[in-house]
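Structural characterization, general
Take a look at the letters that make up each chain.
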Amino acid sequence: AEPGGDDLALCEELAGRFPRNYNAWTHRLWISNRLDNSDQELHFLRRWLDTHVTDYSAAHYAVTRATGDAEALTALRELCFALKARYPHLAQDRKGALVYLERCLSHAYFTGTFREPASPPPSAHLH
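The sections below set out a description of the structure shown in this document. (Residues numbered from 1 in each chain as written. Predicted model: local features only at pLDDT ≥ 70, side-chain atom pairs only at ≥ 80, totals over all residues. Heavy atoms only, no water.)

Thoughts on the overall build of the protein chain
Our working rule: Put simply, DSSP H or I for four residues or longer makes a helix, DSSP E for two residues or longer makes a strand, and each gets a number counted from the N terminus. Accessibility here uses a 1.4 Å probe with only protein chains present; expressed as a share of the type maximum, an area under 20% marks a residue as buried, one over 50% as exposed, and anything in between as partly exposed.
Along the backbone of the protein chain there are seven helices and zero strands. Listing the helices and strands of the protein chain from first to last along the sequence gives α-α-α-α-α-α-α. Put simply, the protein chain has 127 residues, and 42% of those count as buried.

A look at the pattern of salt bridges
Under the convention used in this document: When a carboxyl oxygen of Asp or Glu lies within 4 Å of a side-chain nitrogen of Lys or Arg, that pair is called a salt bridge.
Applying the stated criterion to the full structure yields four salt bridges. Between E13 and R17 there is a salt bridge whose closest N-O contact spans 2.3 Å. Here R17 and E13 lie together in helix α1 (residues 5-17), a separation of four residues that amounts to about one turn. You can call E13 partly exposed: its relative accessible area is 39%. By relative accessible area, R17 is classed as exposed at 54%. The shortest N-O distance in the salt bridge between D50 and R86 comes to 2.2 Å. Here the residue D50 occupies a position in helix α3 (residues 38-51), and R86 occupies one in helix α5 (residues 70-86), the gap between them amounting to 36 residues.

Brief notes about the environment of D39
Considering the arrangement of structural elements, one finds D39 in helix α3. For D39, a relative accessible area of 63% corresponds to the exposed category.

What about the packing of helix α2 (residues 22-32) against helix α4 (residues 56-66)?
Cut-off, in case you're wondering: To define axes, lines are fitted to C-alpha atoms, for helices over the stretch in contact only, and angles between the resulting N-to-C directions are given on a 0 to 180 degree scale. Reported orientations rely on four angle classes, namely roughly parallel under 35 degrees, roughly antiparallel over 145, roughly perpendicular from 65 to 115, and oblique for the rest. Whether a crossing is left-handed or right-handed is set by the direction in which the near helix is turned from the far one by less than a right angle, anticlockwise for left-handed and clockwise for right-handed. Only heavy atoms matter for contacts: two residues are in contact if any of them lie within 4.5 Å across the pair.
The contact between α2 and α4 brings their axes to 9 Å, and the two run at 20 degrees. The angle between α2 and α4 falls in the class roughly parallel. As for the relative orientation of α2 and α4, their crossing is right-handed in sense. Note on element contacts: α4 touches α2 through S57, A58, Y61, T64 and R65, opposite Y22, W25, R28, L29 and S32.

A short note on the nonpolar core
The cut-off we apply is this: Residues belong to a common nonpolar core when they are buried Ala, Val, Leu, Ile, Met, Phe, Trp, Tyr or Cys residues joined through side-chain atoms within 4.5 Å.
Counting residues in hydrophobic clusters, the biggest one holds 29 residues, and the most contacted among them are W25, L49, L76, L101 and L105. Those elements that place two or more of their residues in this core are α2, α3, α4, α5 and α7 (97-111). Apart from the residues within four sequence positions on either side, W25 is in contact with A15, F44, L45, W48, D55, S57, A58 and Y61.

Digging into the side chain of S57
In this structure, S57 sits in helix α4. According to the relative accessible area criterion, S57 is buried, its value standing at 4%. Residues in contact with S57, not counting those within four places in the same chain, are R20, N21, Y22 and W25.

Some points on the packing of α2 against α3
Note the threshold: Lys, Arg, Asp and Glu make up the charged group, whereas Ala, Val, Leu, Ile, Met, Phe, Trp, Tyr, Cys and Pro make up the nonpolar group; the residues left over, Gly among them, are polar.
One can describe the packing of α2 onto α3 by two numbers: an axis separation of 13 Å at closest approach and a directional angle of 160 degrees. One finds that α2 runs roughly antiparallel with respect to α3. Crossing of α2 over α3 shows left-handed handedness. Across from W25, R28 and S32 in α2, the residues of α3 making contact are E41, F44, L45 and W48. Class assignment of the residues belonging to the contact of α2 with α3 gives a composition of four nonpolar, one polar and two charged.

This is the structure:
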């Protein structure tokens, strides 16, 4: 088994059971930063965000994980545009995780850095 694989699976299970689970995503970030699995994580994130478009914590994890990786940031931006087209009502409400993801990606993509928004997403304090 891949080192850390059990932890990654547990994080996925917990994020699925408890939507927007900030702690599960933070632990996943800690584990994935110690593994050389960027391609696997990008594939996982595409799949996760495609089916969990309102998950602020996943969006935050995705951008944080992709920061500094132009290819990953570009892939996430493309996914963001595709999700906006598929779920226009979420893009229009200007409050969903999709908008948060878009704003963070725009900042990270154009500056090459990631900076926390002035206030955390509402769900960050719930779990």
